[in-house]
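Residue-level listing of the chains:
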Amino acid sequence: MDSVINKSVHFAIAEDEPAIRSYLTLHIIEAFRKHNYRTDCAEFSDGNSLLQSILKGNTYDILFLDIEMPGLNGIKLSSKIRELGLQTLIVFISNKSELVFQSFEVRPFRFIRKNHFLEELTPLTSNLINELQRNEDPAVTIEEEKSTAVYSFHCNEIQYIEVNGKYCKVVTTKGVTALRQTLSLFESKLANQGFIKPHRSYLVNYRYISRIEKNQIVLESGIILPLSRNRVAETRAQFISLKMKH
């Protein structure tokens, strides 16, 4: 008797050759089924179609991308996805191992070879499941001061929080929310969720930091946030520690 399947994963695959795309999809679904996961798969013949799907609001846990595709190739597509602030797990599939170094800048989860796909898929699937379970997104609930309004935010979707007068501006991957509350409350609610305080008026999710400079933090989206001089060393240490843990 089969085990009860009560977990699911939503993935997309972009591959320009139909026969290869069907082959990859079939085996990916089977690999997750062995771990008792249901799968919801979206197939695309090119990178631009997948990008348009994402821009329309469709979300995917994992993207399996051929690097070499006409038009928008896998690396360029991944770069645009990262610019949107999305932390989707990306797996590149290609026979050209020399391209692996070009892919590092968009932080793929793995690079696997088409001609070794089946042998590499089994350990890859286990690693993907472990990462998905580790990254299950907790939510934080915030009550607005002097109001009956209550807000809920997924912690991993929050990019940063900025104090603006008596309000806090919460910038997430889905938009911006301003609510009357103190930064200290957010700081306590988000403790141990990967947030750094580089300035008295900001909390930043380390997942969206591209680099830390002398007096500023640059996010993957290109947004620049201030970094207090007396918090440079602590901010860098926290960032490195969080990256190493995750």
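One can find the structure itself at the top, above this paragraph.
Thresholds applied
- Residues numbered from 1 in each chain as written.
- Predicted model: local features only at pLDDT ≥ 70, side-chain atom pairs only at ≥ 80, totals over all residues.
- Heavy atoms only, no water.
- Salt bridge = Lys/Arg side-chain N within 4 Å of Asp/Glu carboxyl O.
- Buried < 20%, exposed > 50% of the residue type's maximum accessible area, 1.4 Å probe, protein only.
- Helix = DSSP H or I, 4+ residues; strand = E, 2+ residues; numbered from the N terminus.
- Pairing = 2+ DSSP bridges.
- Phe/Tyr/Trp six-rings, centres within 6.5 Å; stacked < 30°, edge-to-face > 60°.
- Lys NZ or Arg CZ within 6 Å of the ring centre and 35° of its normal.
- Axes fitted to C-alpha atoms, helices over the stretch in contact; angles between N-to-C directions.
- Core = buried A, V, L, I, M, F, W, Y, C linked by side-chain atoms within 4.5 Å.
- Contact = heavy atoms within 4.5 Å.

Draft legend 1. Broad picture of the pattern of salt bridges. For the coordinates displayed, the defined rule picks out 10 salt bridges. Salt-bridge contacts for Lys169 lead to Glu162; the nearest nitrogen and oxygen are separated by 3.2 Å. What makes Lys169 partly exposed here is its relative accessible area of 27%. The closest approach of N and O atoms between Lys197 and Glu187, which form a salt bridge, is 3.3 Å. Residue Lys197 is found in strand E11 (residues 195-199), and its partner Glu187 is found in helix H6 (residues 183-189); the two are separated by 10 residues along the sequence. Since its relative accessible area comes to 26%, Lys197 is described here as partly exposed.

Draft legend 2. Inspection of the pairing of strand E10 (residues 175-180) at higher detail. Strand direction decides the pairing type here: strand E9 (residues 167-172) and E10, joined by 6 bridges, are antiparallel. Across the sheet, Cys168 pairs through a bridge with Leu179, a residue of E10.

Draft legend 3. Up close: the packing of aromatic side chains. Using the criterion set out here, one finds 6 aromatic pairs in the structure. Ring centres of Phe32 and Tyr37 lie 6.1 Å apart, and the angle between their planes is 65°; this geometry places the pair in the edge-to-face category. Given the relative accessible area of 1%, Phe32 is considered buried. Sitting over the ring of Phe109, Arg110 keeps its end group 4.4 Å from the ring centre.

Draft legend 4. Unusual backbone geometry, seen in detail. Of note, Arg107 is a non-glycine position whose phi angle comes to about 55°, a positive value. By secondary structure assignment, the location of Arg107 is in the loop between helix H4 (100-103) and strand E5 (110-112). Look at Asn192: it is not a glycine, yet its phi comes out positive at around 70°. Relative to the helices and strands, Asn192 resides in the loop between H6 and E11. With relative accessibility at 80%, the residue Asn192 sits in the exposed group.

Draft legend 5. Region of interest: the sheet that holds E11. One open sheet accounts for 5 strands, arranged E10-E9-E8-E12-E11; its pairing is antiparallel. Two strands bound the open sheet, and with one partner strand each, they are E10 and E11. In this sheet, adjacent strand axes meet at a mean angle of 20° when their direction is disregarded.

Draft legend 6. Spatial organisation of the nonpolar core. One finds Ile28, Phe32, Ile62, Phe64, Val91, Leu124 and Leu128 to be the most contacted residues of the largest nonpolar core, which totals 21 residues. Looking at this core, the elements that each hand over two or more residues are strand E1 (7-14), helix H1 (18-33), strand E3 (62-66), strand E4 (89-93) and helix H5 (117-134). With 6 residues, the single largest contributor to this core is H5. Apart from residues lying up to four places away in sequence, Phe64 is in contact with Phe11, Ala12, Ile13, Ala14, Ile28, Val91, Ile93, Leu124 and Leu128. Counting residues in hydrophobic clusters, the runner-up holds 20 residues, among them Leu50, Ile81, Ile90 and Phe111.

Draft legend 7. Focus on the pairing of E1. Inspection of the sheet shows E1 paired to strand E2 (residues 37-44) by 8 bridges, in the parallel sense. What sits directly across from Val9, in E2, is Thr39. Relative to E3, E1 runs parallel, the two being bridged by 4 bridges. Along E3, the bridge assignment pairs Ala12 with Leu63.

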